[in-house]
Amino acid sequence: DAMVIQNPRYQVTQFGKPVTLSCSQTLNHNVMYWYQQKSSQAPKLLFHYYDKDFNNEADTPDNFQSRRPNTSFCFLDIRSPGLGDAAMYLCATRVGGADDTDTQYFGPGTRLTVL
Amino acid sequence: AQSVSQHNHHVILSEAASLELGCNYSYGGTVNLFWYVQYPGQHLQLLLKYFSGDPLVKGIKGFEAEFIKSKFSFNLRKPSVQWSDTAEYFCAVNNPYGNNRLAFGKGNQVVVIP
């Protein structure tokens, strides 16, 4: 059974048209992450939530925002997508405690195409 | 900031050959180390991890990795690969006492020829 679910799996948007990607988890984990992965590159962390505490990476563009309305759901909003934002967006979760709980569990990703 | 280096981005080998993928990281403190695998069309899955204890870690599907602290390395090995091992392999490092965020390497694209 899927534990980290991302919808949609494929998203096409137009240049400058806002888009929202969603992630949900059945693991009841405290921490949720959003990564951007471009072709042949490492996943790059955009931001993460520890419970309701939002943590933005210093180099994440302002164009990217996130919402976490409850434990299970987290959204990635791209306010004005540019061609350079075309990528795979990965959601991950982690328990958030100590003692062998630092493993991140990844969703299947949403591939974003910007026309 | 932590950085993770993976060399030989593309690896092509025949079935039954041995595989070794190198991973070096830059952080000098206590780290947690991971190898993730991404099969074609699938999501990132944990292959194995090292937190503490025996530096030789056994993972799923016959993979193992060795943590060598003096070399800042965590190389992945499999003695005899199968066609089904065709995938992209990512090394990742996490400082558990710092910001707890994963730093990934660029990945190794491994193709196993039947």
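The structure this text deals with has already been given above.
From a predicted model like this one, the values you see are computed outputs, not experimental measurements.

Cut-offs used in this document
- Residues numbered from 1 in each chain as written.
- Chains lettered and ligands numbered in written order.
- Predicted model: local features only at pLDDT ≥ 70, side-chain atom pairs only at ≥ 80, totals over all residues.
- Heavy atoms only, no water.
- Helix = DSSP H or I, 4+ residues; strand = E, 2+ residues; numbered from the N terminus.
- Buried < 20%, exposed > 50% of the residue type's maximum accessible area, 1.4 Å probe, protein only.
- Polar contact = N/O pair within 3.5 Å; in protein donor to acceptor, adjacent residues only side chain to side chain.
- Contact = heavy atoms within 4.5 Å.
- Phe/Tyr/Trp six-rings, centres within 6.5 Å; stacked < 30°, edge-to-face > 60°.
- Patch = residues over 30% accessible without salt bridge, like charges linked within 9 Å, V, L, I, M, F, W, Y side chains within 5 Å.
- Areas by Shrake-Rupley, 256 points an atom, 1.4 Å probe, with all protein chains shown as cover.
- Salt bridge = Lys/Arg side-chain N within 4 Å of Asp/Glu carboxyl O.

Student: What am I meant to see in the side chain of A:T93 here?
Tutor: Residue and element names in this part refer to chain A. Among the structural elements, T93 can be located in strand 9 (residues 87–94). The buried category is assigned to T93, whose relative accessible area is 0%. Polar side-chain contacts of T93 include one of 2.8 Å to the side chain of H29. Beyond its immediate chain neighbours, meaning those up to four positions away, T93 contacts V4, Q25, L27, H29, V31, M32, Y33, T103, Q104 and Y105.

Student: What should I look at first to understand the packing of aromatic side chains in this one?
Tutor: The geometry of an aromatic ring pair is captured by two quantities: the separation of the ring centres and the angle between the planes. One pass over the full model with this rule turns up 16 aromatic pairs over all chains. Centroid distance A:Y35 to A:F106: 5.5 Å. Interplanar angle 40°. Geometry classified as tilted. Residue A:Y35 is located in strand 4 (residues 31–37), and its partner A:F106 is located in strand 10 (residues 105–106); the two are separated by 71 residues in the primary sequence. Given the relative accessible area of 5%, A:F106 is considered buried. Plain terms: the ring middles of A:F73 and A:F75 are 6.3 Å apart, the flat faces sit at 15° to each other, and that makes the pair stacked. Residue A:F75 is classed as buried on the basis of its relative accessible area of 18%. Taken together, the ring pairs in this structure connect A:Y33, A:Y35, A:F106, B:F34, B:Y36, B:F51, B:F90 and B:F104 into an aromatic cluster.

Student: I tried to follow a nonpolar patch on the surface on my own but got confused; where do I start?
Tutor: All names here are of chain B. Taken together, the side chains of I12, V111 and I113 define a hydrophobic patch exposed on the protein surface, amounting to about 260 Å² of accessible area. Mapped onto the secondary structure, I113 falls in strand 12 (residues 108–113). On the accessibility criterion, I113 (40% relative accessible area) is partly exposed.

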